[in-house]
Amino acid sequence: MTVNKINFNSDLGEQDEFFFNKVDKPLLKQINSANVSCLFHGGYHDVVKKVVHECQKQGVSIGAHVSFNDKENFGRKIQSWNKQSLHDLLSIQIQFMIDITKDFHMSISHLKPHGALNTLACRDEDLAYEITSFINKFYPNLIILAPSLSLLADASHNEGLQTALEVFADRTYEDDGSLSPRSIQGALIEDPILSQRHLKKMITEKAIISRNGLILKTPFHSICLHSDTPNSVEISKQICILLQSMNIKQKTLPELF
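Residues numbered from 1 in each chain as written. Predicted model: local features only at pLDDT ≥ 70, side-chain atom pairs only at ≥ 80, totals over all residues. Heavy atoms only, no water.

Chemist: Explain the packing of helix α2 (residues 45-58) against helix α3 (residues 83-103) here, please?
Modeler: Packed helix pairs are specified by the crossing angle of their axes together with the interaxial distance, meaning the distance between the axes. Two numbers describe how α2 lies on α3: the axes approach to 10 Å, and their chain directions differ by 55°. Between α2 and α3, the angle is such that the two are oblique. In the packing of α2 onto α3, the handedness of the crossing is right-handed. Along the contact surface, α2 presents His45, Val48, Lys49 and Val52, while α3 presents Phe96, Met97, Ile100 and Thr101. (Axes fitted to C-alpha atoms, helices over the stretch in contact; angles between N-to-C directions. Helix = DSSP H or I, 4+ residues; strand = E, 2+ residues; numbered from the N terminus. Parallel < 35°, antiparallel > 145°, perpendicular 65-115°, else oblique. Left-handed = near helix turned anticlockwise from the far one by under 90°. Contact = heavy atoms within 4.5 Å.)

Chemist: It is not clear to me how the side chain of Ser33 should be interpreted in this structure. Could you clarify?
Modeler: Structurally, Ser33 can be placed in strand β2 (residues 33-37). Take Ser33: its relative accessible area is 0%, and that puts it in the buried class. Reaching out from Ser33, the side chain makes a polar contact with the side chain of Ser61 at a distance of 2.6 Å. In this view, Ser33 contacts Asn7, Phe8, Asn9, Ser10, Val60, Ser61, His110, Thr252 and Leu253; residues no more than four positions away in its chain are not counted. (Buried < 20%, exposed > 50% of the residue type's maximum accessible area, 1.4 Å probe, protein only. Polar contact = N/O pair within 3.5 Å; in protein donor to acceptor, adjacent residues only side chain to side chain.)

Chemist: Just checking my understanding: could you explain the pairing of strand β1 (residues 5-12) for this structure?
Modeler: Consecutive side chains of a regular strand alternate in pointing toward one face of the sheet and then the other. With respect to burial, β1 is a largely interior element, seven of its eight residues being buried. Note that β1 and strand β10 (residues 249-250) share two bridges and pair parallel. Residue pairing across strands places Ile6 opposite Gln250, the latter belonging to β10. As paired elements, β1 and β2 share four bridges and run parallel to each other. Following the sheet pairing, Ser10 is matched in β2 by Ala34. (Pairing = 2+ DSSP bridges.)

Right under this line is the structure:
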């Protein structure tokens with residue numbers, strides 16, 4: 001099956017106003033969907049409002065980028081959780097984003113876990129189920145943006161939720177389809193051309209390709225680029241050039257369903 005449309009997403013609103021003007025704002029001219037910080041891992045209220053306003057102007061769909069409550073570690077440290085604490089975590093952050101988008105006559109269309117919450121949900125079936133069952137019960141219209149070949153994606157499918165599978169343009173993969181730990185040299189792809197080549201291989205092969213060269217066939221609907229990856233704005237430009245050259249149309253997540 002030929003790929004003729006895809007979504008391009010990025011995590012935004014995680015830093016200060018300087019970063020917003022230097023990185024977030026230019027990225028919003030390239031991407032189709034924004035995973036906007038709910039302030040539990042980073043960012044500021046006024047910056048999040050600027051991101052949402054810019055999404056409105058650029059026609060970019062908005063998702064709640066939920067995380068553990070851990071600004072100290074940018075949400076990238078595994079935290080303990082239980083059913084009630086997780087539900088509180090999700091409901092507070094989702095409501096925060098609903099309230100902000102409402103001010104701009106917008107609504108959130110998807111949910112994406114951030115950092116350690118995402119990493120853990122991809123390999124912990126209990127956590128993946130708790131997240132997706134909570135969303136299915138209280139926010140069943142939200143699209144779940146989940147990594148391809150993850151337990152989070154499986155749980156979302158099993159709950160009957162709209163599930164968008166994503167791959168990462170700026171990260172390498174292990175042989176099991178998980179992201180290479182950031183502690184491994186080269187796990188973060190900072191070179192725009194190398195990132196473009198990495199993505200082209202995945203699109204061409206319709207697969208995740210591990211850093212050892214293993215080809216893991218999988219469908220995917222979205223490409224993620226982290227805003228805090230060095231050269232992210234230049235990488236985003238190369239991604240858009242690649243998609244245009246392959247006649248792949250960029251769409252918001254709701255336009256894919």
